[in-house]
Structures are given as structure tokens and as C-alpha cells.
Amino acid sequence: MSDYLVPGASTEEGAEDSLQNSQFLVDLRQQMLRFASLQLQDTQLAEDAVQEALMGALKNSRSFNGRSALKTWVFAILKNKIADVLRQRQRFVDADQLVHGDREEHDHDELFDQTGHWQKDERPKKWADPESAIHDKHFWRIFEACLNYLPSRQAQLFMMREFIELESHEICAAAEVSVSNLNVTLHRARLRLRECLEDHWFGVEG
Amino acid sequence: MKSCREATRLMSESQERNLNLREQASLKLHLAMCTPCRNFGKQMQVLRRISKSYAEGGPEKSED
């Protein structure tokens, strides 16, 4: 019985109850949809993946103690579904990529000077307390906004790598890019994303 | 190493592959002299941690 004496556990609904709670389900489904749509760029495929993941959760809800465990598990299933779709997808070249191509070429110029050193006002600063950001709803809004701000190709490859945790060779096959192209794109995505997060969250005086 | 651009490139790539000894050495040397790049390196780890948390439904579990 002492197993249950974790902080907050007494007020938390069981996973089964949570799935009976329609507001909880609506919110959860909404966030899963956002997550899947961002990566698949296809509403129907995203809906299907979310639906399957939720059905799996309903079938197995007895095995979870509390909402938190349930959510982690549902998202793990969703990630697997998205990974399957991405791996199967033979090509996803979109017009966007061509349009953004030019703009991406100039990325580095804004950040580094001619000798390749940081421009004075672009130097990365020390981030205070990154851990607390993870528990803050406002932070996640900023994070999503920064993801949306990335050129679409950068965002797609970054998400395949960091959210779905595909290996380089899997991404190269699924997205039809060379390893060097993938490396360049991930480098740019990370430079931009860290800049955006610093400008709008970590570098903002509390 | 030469430049911050190059140092950040290596730090980014080290998230996908192991750097060879030569790359490791030149990166180490650069980082010893460059605070902004050291910050960048720490931020890459934070970015990965944040991304993992996001993909586990982090926003759903967070509070106002």
C-alpha cells in the first residue's frame, strides 16, 4: 500500500477513470493531433495515427496507474505510428522546400561574422533553469511557435530526429536526403531553434 | 579550431555520430577558449531533453 504514497497520487484519477472523463480525452486528443499533424503534414494521416493510439490506450487502460503514465504511454504508441508512416513514405518533396531553399542559404550570415565567429549580439548566453521550463504551459507555447517558425524542411527533419528518434540512415532513406545534407539541415534547425528559445524564453529577464 | 560556425557544426553532428579523435581534439581546444560555444553545447543537450519531453506529451502534463 505504501506504493501509492507518491506526492499527488492520492488526488490523481486512475487511468481508467481518466478515459471516462470526456474533457480529459478531448484535451489529450487535441494535443496528440497537433503533435502528429506537425510531423506528418497531413490531417487525415494524423487523425488515423491518433485514433489508433487512443484505441490501444482504451484497450489497455487497466495497466496504468494514473494519468501521467497513461499519457507517456499513449504518446509512445503515437510516436511508433508516426515513425511507421514516415519510414514508408517514399518521398516528400514539397514546393515549400524549394521556396525556402534560398532563404536557408543565408541563415548563417546573420549569426556569424565573416571569420565564422559569433556576431556580438548573437552569442549564446547561459540558460537559467531549463528544467522548470518543461513544467510550464507557457514555455510549450513558445516552443511550438519556434518550431513553426522553422522552414518546413528543417522542422520535418528535426522532428524525425528528435521527436521520433529515427537514426540518420533511416531519415536519409525516408526523406531522400544525403547524410551531409541532413547534417547541414539539422545544424541550421538547431541554431535557429536555440536562438528563438533564447530570444523568447531563456534570455528574457524574469 | 578555426571558427564558432565549425564548432557548432561539430557539436550538432555529435548528436548523430561519434566524432573522430581529431574532431574531438579541435573542438575541445575551441571550447576551452569560447564561452558562447560552451553555452551552445549545453543548450544542445537541453534541446534534446526538451524535445524528448515534448514527444512524451510534456505540454499535456505541464501546469499554468
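As the structure is a prediction and not an experimental result, all values here were calculated from the model.

Draft legend 1. Just the overall build of chain A, in detail. Per the secondary structure count, chain A includes 11 helices and 0 strands. For chain A, the N- to C-terminal ordering of α and β elements is α-α-α-α-α-α-α-α-α-α-α. Taking all 206 residues of chain A together, the buried fraction comes to 46%. In chain A, once contacts between residues fewer than 6 apart in sequence are set aside, the share between residues at least 24 apart is 72%. Counting every atom, chain A has about 11200 Å² of accessible surface; 49% of that belongs to carbon and sulfur.

Draft legend 2. Local environment of the overall build of chain B. Tallying secondary structure elements over chain B gives 4 helices and 0 strands in all. Along the chain direction, N to C, the helices and strands of chain B fall in the order α-α-α-α. Split into buried and exposed, the 64 residues of chain B put 58% on the buried side. For chain B, restricting intrachain contacts to residue pairs at least 6 apart in sequence, the fraction spanning at least 24 positions comes to 51%. Accessible area of chain B: about 3300 Å², with a carbon and sulfur share of 52%.

Draft legend 3. Focus on the packing of helix α2 (residues 21-33) of chain B against helix α3 (residues 35-55) of chain B. Residue and element names in this part refer to chain B. Between α2 and α3, the shortest axis-to-axis distance is 6 Å and the interhelical angle comes to 115 degrees. Residue-level contacts link His 30, Leu 31, Ala 32 and Met 33 of α2 to Thr 35, Cys 37 and Arg 38 of α3. In the contact of α2 with α3, the residues fall into 4 nonpolar, 2 polar and 1 charged.

Draft legend 4. Region of interest: the state of the cysteines. Residue and element names in this part refer to chain B. Applying the stated criterion to the full structure yields 1 disulfide over all chains. Free of any disulfide, Cys 4 has its nearest cysteine sulfur in Cys 37, 3.8 Å distant. Residue Cys 34 stays outside any disulfide, its sulfur separated by 3.6 Å from that of Cys 37, the closest cysteine.

Draft legend 5. Representation of the nonpolar core. All names here are of chain A. One finds Met 32, Leu 78, Phe 143, Leu 147 and Phe 163 to be the most contacted residues of the largest nonpolar core, which totals 73 residues. Of all the elements, helix α4 (residues 67-88) adds the most residues to this core, at 9 residues. Counting the residues that make up this core, at least three belong to each of domain 1 (2-88) and domain 2 (95-202). When residues no more than four places from it in sequence are discounted, the contact partners of Leu 147 are Leu 38, Ala 155, Phe 158, Met 159, Phe 163 and Leu 193.

Draft legend 6. A look at the interface of chain B and chain A. At the junction of the two partners, chain B supplies 35 residues and chain A supplies 50 residues. Carbon and sulfur atoms make up 58% of the surface buried where chain B meets chain A, a total of about 3900 Å² over both sides. Counting across the chain B and chain A interface gives 5 salt bridges. Note that Glu 165 of chain A is salt-bridged to Lys 52 of chain B, the shortest N-O span being 3.7 Å. The interface formed by chain B and chain A contains 15 residue pairs in polar contact (both at pLDDT 80 or more). The set of elements that each furnish at least two residues to the side of chain B that touches chain A consists of α1 (4-13), α3 and α4 (58-61) of chain B. The element contributing the most residues to the side of chain B that touches chain A is α3 of chain B, with 16 residues.

Draft legend 7. Molecular detail of the confidence of the model for chain A. Mean pLDDT over chain A: 80, with 80% of residues reaching 70 or higher. Helix α11 (residues 179-202) of chain A holds the highest mean pLDDT among the elements of chain A, 96, whereas helix α5 (residues 95-105) of chain A holds the lowest, 46.

Draft legend 8. View of helix α2 (residues 22-40) of chain A. Residue and element names in this part refer to chain A. For α2, with 19 residues, the first-to-last C-alpha span of 26 Å sits near the 27 Å given by 1.5 Å per residue. Taken residue by residue, α2 has Phe 24, Leu 28, Gln 31, Met 32, Leu 33, Phe 35, Ala 36, Leu 38, Gln 39 and Leu 40 as its buried positions. Following α2 by one or two positions, Gln 41 has its phi on the positive side, about 55 degrees.

Definitions and limits used
- Residues numbered from 1 in each chain as written.
- Chains lettered and ligands numbered in written order.
- Predicted model: local features only at pLDDT ≥ 70, side-chain atom pairs only at ≥ 80, totals over all residues.
- Heavy atoms only, no water.
- Helix = DSSP H or I, 4+ residues; strand = E, 2+ residues; numbered from the N terminus.
- Buried < 20%, exposed > 50% of the residue type's maximum accessible area, 1.4 Å probe, protein only.
- Contact = heavy atoms within 4.5 Å.
- Areas by Shrake-Rupley, 256 points an atom, 1.4 Å probe, with all protein chains shown as cover.
- Axes fitted to C-alpha atoms, helices over the stretch in contact; angles between N-to-C directions.
- Nonpolar A, V, L, I, M, F, W, Y, C, P; charged D, E, K, R; others polar.
- Disulfide = S-S within 2.5 Å.
- Core = buried A, V, L, I, M, F, W, Y, C linked by side-chain atoms within 4.5 Å.
- Domains from an automatic or database assignment.
- Buried area = accessible area lost by both parts, 1.4 Å probe.
- Salt bridge = Lys/Arg side-chain N within 4 Å of Asp/Glu carboxyl O.
- Polar contact = N/O pair within 3.5 Å; in protein donor to acceptor, adjacent residues only side chain to side chain.
- pLDDT = per-residue confidence, 0-100.
- Expected span 1.5 Å × (residues − 1).

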